[in-house]
Amino acid sequence: MTSATTYPQLTGEYTLDAAHSRIGFVARHAMVTKVRGSFNEFTGTATIDGDAPEKSSAQVTIQAHSIDTRNADRDGHLKSNDFLSMDEYPTITFTTTEIKQTGDTSFDVTGDLTIKDVTRSVTIPFEFEGSAKDPFGNDRIGFEGSTTISRKDYGITWNAALETGGVLVSDKVTLEFEISAIKNA
């Protein structure tokens with residue numbers, strides 16, 4: 001684990017390693033279980049200022065068509081106009097606006113999350129998981145974080161009432177981020 005005193009050595013430009021990262025989500029289904037999914041295609045960059053972490057920044061672009069809940073029918077519905085309107089809005093983006101160090105290895109990352117044509121400020125608590133040199137000579141850093149959003153805030157309001165009361169899909173969706181990034185040469 002890299003201690004806070006060694007953050008200056010992390011300063012630099014980074015590229016997200018999508019093959020070793022996960023951007024996922026969890027929503028409640030039929031009020032009794034959770035459905036987990038992820039986006040399999042995304043790109044991102046980060047600028048890390050180890051001397052002044054608050055000056056760091058990041059941006060991520062997710063391809064909406066890459067949504068994967070391990071069920072083709074459900075994925076098709078999520079891509080439709082009922083949910084993500086993928087044809088009209090092919091990407092989901094996140095761009096940082098503020099980073100606050102909240103502990104030795106914890107950071108609140110605030111940014112603009114755009115889903116469909118709606119942009120809202122979201123704060124994601126992240127934990128710095130460490131840095132390492134991989135067997136290929138790449139300098140890597142890792143972060144994990146999650147936050148809960150209201151899908152209605154982004155104009156995603158489709159639902160179906162259940163006979164027993166309640167709804168088919170929860171309004172609250174938890175976004176999960178497991179990020180590995182490689183320092184640019």
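Calculation criteria
Residues numbered from 1 in each chain as written. Predicted model: local features only at pLDDT ≥ 70, side-chain atom pairs only at ≥ 80, totals over all residues. Heavy atoms only, no water. UniProt positions renumbered as here; feature names shortened; annotations may be inferred. Helix = DSSP H or I, 4+ residues; strand = E, 2+ residues; numbered from the N terminus. Rg over C-alpha atoms; globule rule 2.2 N^0.38 Å. Buried < 20%, exposed > 50% of the residue type's maximum accessible area, 1.4 Å probe, protein only. Salt bridge = Lys/Arg side-chain N within 4 Å of Asp/Glu carboxyl O.

- Named according to an unreviewed UniProt entry, the protein chain is Protein yceI originating from Amycolatopsis camponoti.
- Taken directly from UniProt, the Sequence similarities (unreviewed entry) text for the protein chain runs: "Belongs to the UPF0312 family."

1. Focus on the overall build of the protein chain
So, point 1. Each helix and strand in the protein chain was counted, giving one helix and eleven strands.
So, point 2. The secondary structure elements of the protein chain, listed N-terminal to C-terminal, are β-β-β-β-β-β-α-β-β-β-β-β.
So, point 3. Scaling as 2.2 N^0.38, a compact globule of 185 residues should have a C-alpha radius of gyration of about 16 Å, and the protein chain matches this with 18 Å.
So, point 4. The dimensions of the protein chain, computed from C-alpha atoms along their principal axes, are 55 × 30 × 30 Å.

2. A look at the environment of Thr 6
So, point 1. Position of Thr 6 relative to the elements: it lies in the segment before strand 1 (12-16).
So, point 2. For Thr 6, a relative accessible area of 26% puts it in the partly exposed group.
So, point 3. Taking the C-alpha atoms as reference, Thr 6 lies 51 Å from Ala 160; in sequence the two are 154 residues apart.

3. As for the pattern of salt bridges
So, point 1. A complete count under the given rule lists six salt bridges for this structure.
So, point 2. Residue Arg 36 pairs with Glu 176 through a salt bridge whose shortest N-O separation is 3.4 Å. Remark: Glu 176 occurs in strand 11 (residues 169-183) and Arg 36 occurs in strand 3 (residues 33-39); sequence separation between them is 140 residues.
So, point 3. For Arg 36, a relative accessible area of 46% translates into the label partly exposed.
So, point 4. One salt bridge in this structure joins Lys 133 and Asp 139, with 3.0 Å as the shortest N-O distance.
So, point 5. For Lys 133, a relative accessible area of 57% gives the class exposed.

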